[in-house]
Amino acid sequence: MAGDFELYPLAMEDVVNIPQRAKVEDFESNYFMVTPLIHMQAQPGYEQVSLFFGKDFVISFHERESAFLDLVRERIRKGQGRKIHLGGSDYLAYALLDTAIDHYFPALDHYSDQLDVLEQQIADKSERSHSAQIHTIKGELLAIRRSIWPLREALSSLMRDDSTLVQDVTRLYLRDAYDHIVQIIELIESSREVAMGLMDLYLSMVSNRMNEVMKLLTIIATIFIPLSFIAGLYGMNFDPEISPLNMPELSWYWGYPFALTLMALMTAAMVLFFWRRGWLCRDRDKPTPGGGGE
């Protein structure tokens, strides 16, 4: 078959040795195109689609049986593809390429939905698993970007080429496919920025939660400092019989209740002070209706 259609041997090696970078090569009698095709399952998967098109023929090679051509086949069967019938082999190659490009949009919608769900989950309660999910999404978006970016340059070179195998009207459609690729790249960059923003939000939520924990521990330690002082003071070994200045309250009938009452009053006073400062209430800093600043 390669000899019948004058398919270049090195191009046939690229068909077999996968994966290859997206590209377009002009072999005078025909064009050779490589485009990645994305499909979504539990995680994104890629396969290579190789196309040869020349005068009156289009040959495509796929890694596995794929449903991505069903739309084009259906248009041809139902007679909806008049331009495909009459447009020539270059237009049919464009239709196949455009179908492969359109498969990227559902994948990006999937990641956009995932990021929206993650944002809500992080806002409600941040967990360690959220950080791993964000890193995974960022990596997969980067993989999509790497797969689609070379295709933009390949289409650009195909549009600039003055070969007679590509009609002027087909170049207009190729320009539309080029615009779709640019739109995909912009969506990828936008989703990556959202993912980086979510990582910042996650780190901020973790930091805020750590600050709350540290504030609570600090308040507890601060309350126990004077209590420890009182307990340590009355725990010293002084004998009031030797000197009336050696803790005479140790011989007082109400000495122990007095010490406990003093501790309770100091604790209550400190808790009241912390509450009035707004350190015990998370919503203390929120403005009250009708309130104004000084």
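Rules used in this analysis
- Residues numbered from 1 in each chain as written.
- Predicted model: local features only at pLDDT ≥ 70, side-chain atom pairs only at ≥ 80, totals over all residues.
- Heavy atoms only, no water.
- Helix = DSSP H or I, 4+ residues; strand = E, 2+ residues; numbered from the N terminus.
- Buried < 20%, exposed > 50% of the residue type's maximum accessible area, 1.4 Å probe, protein only.
- Contact = heavy atoms within 4.5 Å.
- Areas by Shrake-Rupley, 256 points an atom, 1.4 Å probe, with all protein chains shown as cover.
- Patch = residues over 30% accessible without salt bridge, like charges linked within 9 Å, V, L, I, M, F, W, Y side chains within 5 Å.
- Salt bridge = Lys/Arg side-chain N within 4 Å of Asp/Glu carboxyl O.
- Lys, Arg positive; Asp, Glu negative; His and termini not counted.
- Charge placed at Lys NZ, Arg CZ, Asp CG, Glu CD.
- Core = buried A, V, L, I, M, F, W, Y, C linked by side-chain atoms within 4.5 Å.
- Arc of directions from axis to C-beta.
- Phe/Tyr/Trp six-rings, centres within 6.5 Å; stacked < 30°, edge-to-face > 60°.

Here the focus is the overall build of the protein. Tallying secondary structure elements over the protein gives eight helices and four strands in all. Seen in sequence order, the protein has helices and strands lined up from the N terminus as α-β-β-β-β-α-α-α-α-α-α-α. Counting every position in the protein, which comprises 294 residues, the buried fraction comes to 35%. Contacts spanning at least 24 positions in sequence make up 61% of the contacts within the protein whose residues lie at least 6 apart. Accessible area for the protein stands at about 18600 Å²; split by element, carbon and sulfur atoms hold 56% of it.

Glancing now at a negative patch on the surface. On the surface, Asp109, Asp113, Asp116 and Glu119 cluster together to form a negatively charged patch. In this fold, Glu119 is placed in helix H5 (residues 104-124). Residue Glu119 is classed as partly exposed on the basis of its relative accessible area of 41%.

Judged by nonpolar contacts, the single largest core of 48 residues is most densely connected at Ile101, Ile148, Leu155, Leu158 and Ile184. At the level of secondary structure, the elements contributing two or more residues to this core comprise strand E2 (30-40), strand E3 (44-54), helix H4 (89-102), H5, helix H6 (128-160) and helix H7 (168-233). With sequence-adjacent residues up to four places away left out, Ile101 is seen in contact with Leu151, Leu155, Ala177, His180, Ile181 and Ile184. Counting eight residues, the second-largest nonpolar core is a separate cluster that includes Ala11, Phe52, Phe57 and Ile59.

Now for helix H1 (residues 9-16). Here H1 has its buried residues at Ala11, Asp14 and Val15. In a view along the axis of H1, the buried residues occupy a sector of 105 degrees, so they form one face of it. Those residues of H1 that are exposed and angled more than 90 degrees off the buried face are Pro9 and Val16.

Turning our attention to the packing of aromatic side chains. For any pair of aromatic rings, the description consists of the separation of the ring centres together with the inter-plane angle of the planes. For the coordinates displayed, the defined rule picks out seven aromatic pairs. Residues Tyr31 and Phe53 carry aromatic rings whose centres are separated by 5.2 Å and whose planes lie at 15 degrees to one another, so their mutual orientation is stacked. In this pair, Tyr31 is assigned in strand E2 and Phe53 in strand E3, connecting sequence segments 22 residues apart. Comparing Tyr31 with Phe53, the two get one shared label, buried. Seen from their ring centres, Phe52 and Phe61 are 6.0 Å apart, and the 85 degrees between their planes marks the pair as edge-to-face. Phe52 gets classed as buried once you look at its relative accessible area, which sits at 0%. Chaining the aromatic ring pairs together yields one cluster made of Phe32, Phe52 and Phe61.

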